[in-house]
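# Inside the fold
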Amino acid sequence: MAAAAVEGLQITCDQARDILEQAKQSSELALKARDDARETVRQMKEIVEVREAAIKQVQDCVNRKNSFDDQWAEFQRKFDNLGKLAFEKLSGMLSAGTGTSNLRPAELISEKRVAQVLRKSRRVLVLTGAGISSESGVPTFRGSDGYWTVGSENYRPQELATWEKFNEMPEELWKWYQYRWGICRSAKPNAGHHALVELESLVEGGIMLVTQNIDGLHLEAGSNPSRLCEIHGRIDEMRCDDRMPGSCLHGLNLNQSEHFEKARATIEKMPAPAENEKDERLPFCKKCGVRQRPKILWFDESYNEAIFKHETVLEATKECDVLLVIGTMLSTGLPNRMVSEARQAGTIIIRIDPVLELDDPTFAGMLHLQGKSGEVLPRIVQELKALQGEEFPAPLASVAPSSSSSVDLVSAAAAAATIAATPDVSLKRSAPGMAQRRSLSSSKGASLVAPSKSRGLSFKAAGSIAVAAGSVTAAIKQQKKLKSVSLLSNSGLAKCTDATDGPPTGFFVYGTLRPDDDSGAAWTNRFCEGLAAEPAFLAGASLYVESFAALCFEQTRCSVRGVFLTPDVDGKSSAVKVLETKLKDADSIEGYPDLYDRTVATVETASGKLVRAYVYHRTGRVDRSEHACIPDGDWLSRKR
C-alpha cells in the first residue's frame, strides 16, 4: 500500500524540468519587475526634482520682478527727491554765488545805521542761524562733540541726519536725537532772542522771523508763533513718518493746502529723554501704528509748506524791505534762496555775525555788522526806540546857504591840510558832458538805471569801507570808530549846516556824482577825475528817490551815506584852483540854484575825521509823502 502511494506521487523528469523552468522564468520576471519599479521610482523622483526646480525658477523670476519693481519705484522716488533737492540748492546756492561781480562790495555798517534801516522799513524779515543759539550754549554738533557711536562705528551728524540712515537703524537714531534734545533742554534764550521779541513791537507791521535752529528758543523767548517759521523743524517734536506705507500721511503732497491740517495734526511733543539711554524706545503713532520720527528736515529731504512753511518764507522774502541775517553762513538751500530773492528784488540785506567775511563773494551786496547778536541786538533796539521818538518823516531843518559860487581863498590852508591827510586814491575817468540832469529831472519817475559797465576805477568802490581802508583789519578798526559817530540831536542841526564854522575842503556826494554810482550818468567820470575819495556820513539828513537822489536836511538822528571828494593834488594854490573848478562843474551838473540848493556841512569820513564839505540838497523841494525814503540813506541801496 505504501509503495503504491509513493508511486502515485512520483512525477516524471520532464515535468520536474518544466516546473523548474517556470519557476526560473517567474523569478526573472519578478527581478525585472523589481528593476522596472526601481527605474520608475527613480524617474519619478527626477520628474519631481525637475518640477520643483522649475517651480523654484518661476518663483525666483516672480520675486525678482517684484523686487525690481520695488527697487525701480524706490529709485524713482530717490531720483525725484534728488531733483527737488538739486533745484532748491541750485536756485539758492548757485544763484547766490553767481553774478556777484555786479553787486556792490561787502560793506561795514554801524549799529545806529541798522536801527535807522529798521525805523524806515515796514516789512522786516529776520533769518537766524546757529550763531544766535550758540550764545545760549547750544552746540553746533559739527565738532568733536557731534560724533555718535553705534557699536564700533563713529558717525558724523551729516551721516546720521538722513531719512535713509533713520530707516536703517531707527532705534539708534532715536537715541541720538533724544540725546541732542537732552542737551538743548538745558539751554535758555539769550539777550539776542529777547531783543528780537521786542523788535516785533517796535517795527511798524512787525517782523517775520525765519530760523534754521531746531531748539525752540525763539518761541520760548516769546516770539509770535504765527510769524515764526522754523524751516528745519523742532527737536522737541515728532510726527508720523509719512514715508512709511500705512502711515497717516503716506502718499500725501505736503505742499497742497488741503493736506496741511492733517499733516500738522500728527505733530506731537517728544517724550522726555530717558535717564538711561538703554531705556529709550522708538514711539509709534497712536492712530496708524506706524513709527514716529523727529520733526526735523533731514539732508536727503525737501522743504514743504505743511511742516516747514517753505512757500510762506519765499513770499515774505519777495515782499520785505530789509532782510536781517543773524548768525548763519547760509550753507543750506532755502536761506541761500532767500538771499538770492532779496538781491534780485533790491532789498537791503544786513548780516550780523562775529566773523567778517568781506572778501567772500557769497556775502557781496550785503551790509555787515561785526558782533555777537546777544550784544549788538539789544543796543540796536535801544537806538531804534530813540529814533521812534521822532516823527516820520522828521520835520525839515533850516539850512544856511553857502556864501558864494566860488571858493573862498581863506579855505586854502584848510583844504591843503585835508588833502595832505587824504589817502592817495586816483580816479581814472573819461569826461562826458552834463546836460542830461535837467532832462532827467523834468520827467517825474524817469529812471537813471542803465547800469554802467566797469569804468576801470582804481578806487573800486567807495561803498566798501574795507576797500577804502586797505584791509579787513583796518575795516574792523574803522567800524569801531563808526560806532561812536555822533548823530546830532535836533539842537545840533544848526551847527551842522552853519557855513561859518570853517571853509569847505571838498564835496559830500551821495548820488550820481559819487565815483561808485551805478546809474550810468554821463557826468560822473568827468567830475570825479582828479579827486580823492573816501566814504563819509552826513548826520541830520535823509535820502529820497525822485528820478535822481534827493537829500533833505531834517531834524533827525538819521544820516546819509556818501563819499567825501577832495582835490588829489599837491600845493595849496593847486588845491584851491581844482576845488573852484569842480564847484562850477557841480553847480552846473546839479542845476544849482534852480534844481538843487547848496550848503556847507560837517561830515564824518570812514576814517573818523570831521571835515567841511559842499552839499547839494533839495530840502523843502521834495514831496516826501510821494517819494520813497532809502532806509539806510545810501543811494546804492535804492529799489531798482
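Conventions adopted
- Residues numbered from 1 in each chain as written.
- Predicted model: local features only at pLDDT ≥ 70, side-chain atom pairs only at ≥ 80, totals over all residues.
- Heavy atoms only, no water.
- Helix = DSSP H or I, 4+ residues; strand = E, 2+ residues; numbered from the N terminus.
- Buried < 20%, exposed > 50% of the residue type's maximum accessible area, 1.4 Å probe, protein only.
- Contact = heavy atoms within 4.5 Å.
- Core = buried A, V, L, I, M, F, W, Y, C linked by side-chain atoms within 4.5 Å.
- Pairing = 2+ DSSP bridges.
- pLDDT = per-residue confidence, 0-100.
- Salt bridge = Lys/Arg side-chain N within 4 Å of Asp/Glu carboxyl O.
- Axes fitted to C-alpha atoms, helices over the stretch in contact; angles between N-to-C directions.

Looking only at helices and strands, one finds 21 helices and 19 strands in the chain. Across the 640 residues of the chain, 50% fall into the buried class. Within the chain, contacts between residues separated by at least 24 positions form 77% of all contacts whose residues are at least 6 apart in sequence.

One recurring pattern in soluble globular proteins: nonpolar side chains tend to sit buried together. Counting 40 residues, the largest nonpolar core has Phe 507, Phe 508, Tyr 510, Phe 527, Leu 538 and Leu 551 as its most contacted members. Here this core gets five residues from one element, more than from any other, and that element is strand β19 (residues 610–617). If sequence neighbours within four positions are ignored, Tyr 510 has contacts with Leu 543, Ala 549, Ala 550, Leu 551, Val 560, Arg 561, Gly 562, Tyr 596, Val 615, Tyr 616, His 617 and Trp 635. Ile 231, Ala 306, Leu 323 and Phe 363 belong to the second largest nonpolar core, which has 32 residues in total.

This part covers the sheet that holds strand β9 (residues 292–296). One open sheet accounts for three strands, arranged β8-β7-β9; its pairing is antiparallel. Each of the sheet's edge strands pairs with one partner strand only, and the pair in question is β8 (268–269) and β9. Pairing of strand β7 (residues 233–240) with β9, which is carried by five bridges, proceeds in the antiparallel orientation. Paired with Met 238 across the two strands is Pro 294, which belongs to β9.

The next thing to look at is the pairing of strand β18 (residues 597–605). The element β18 is extensively covered by neighbouring structure, given that seven of its nine residues are classed as buried. By the bridge criterion, two bridges tie strand β14 (residues 531–539) to β18 in an arrangement that is antiparallel. Paired with Phe 537 across the two strands is Glu 604, which belongs to β18. Note: β18 against β19, eight bridges, orientation antiparallel. Bridging from a neighbouring strand, Arg 598 pairs with Tyr 616 of β19. Hairpin connection from β18 to β19: four residues lie between these consecutive antiparallel strands, with Gly 608 at a positive phi of about 95 degrees.

With 75% of its residues at a pLDDT of 70 or more, the chain shows a mean pLDDT of 79. Taken together, the stretch residues 89–98 has pLDDT below 50 and engages in 15 contacts with residues farther than four places along the chain or on a different chain.

All told, the structure shown has 33 salt bridges when counted by the stated rule. With its nearest N and O atoms 2.6 Å apart, the salt bridge here joins Arg 293 to Glu 301. What makes Arg 293 buried here is its relative accessible area of 0%. The exposure class assigned to Glu 301 is buried, which follows from its relative accessible area of 10%. The partner of Arg 514 in a salt bridge is Asp 634, and the shortest N-O contact between them spans 2.9 Å. Of this pair, Arg 514 sits in the loop between β13 (507–509) and α20 (524–528) while Asp 634 sits in the segment after β19, placing them 120 residues apart in sequence. On the basis of relative accessible area, Asp 634 is assigned to the buried category, the value being 0%. When salt bridges that share partners are traced, they join Arg 104, Glu 107, Arg 113, Arg 514, Asp 516, Arg 561, Asp 632 and Asp 634 into one network.

Once that is clear, we can look at helix α3 (residues 111–119). Of all nine residues that make up α3, eight are buried, and the element is covered over most of its length. Taken together, the buried positions of α3 are occupied by Glu 111, Arg 113, Val 114, Ala 115, Gln 116, Val 117, Leu 118 and Arg 119.

As summarised here, the arrangement of the seven strands in space is β1-β12-β11-β10-β2-β5-β6, forming an open sheet in which the pairing is parallel. Edge positions in the sheet fall to β1 (107–108) and β6 (228–230), since each has one partner strand and no second. For strand β2 (residues 124–128) and strand β5 (residues 207–211), the ladder comprises five bridges, and the chain directions are parallel. Pairing of Val 124 across the sheet is with Ile 207, part of β5. The strands that α3 touches are β1, β2, β10 (322–326), β11 (348–353) and β12 (367–370); relative to β11, the one it contacts most, it runs at about 140 degrees. Strand contacts of helix α8 (residues 191–202): β2, β5 and β10, with the helix running at about 150 degrees to β5, the strand carrying the most contacts.

This next bit is on the pairing of strand β17 (residues 559–567). Most of β17 sits inside the fold, with nine of its nine residues counted as buried. Direction of pairing for β13 relative to β17: antiparallel, over a ladder of three bridges. Bridge pairing in β17 links Phe 508 to Phe 564. Both β14 and β17 contribute to a ladder of nine bridges, which runs antiparallel. Opposite Ala 533, over in β17, you have Leu 565 as the bridge partner.

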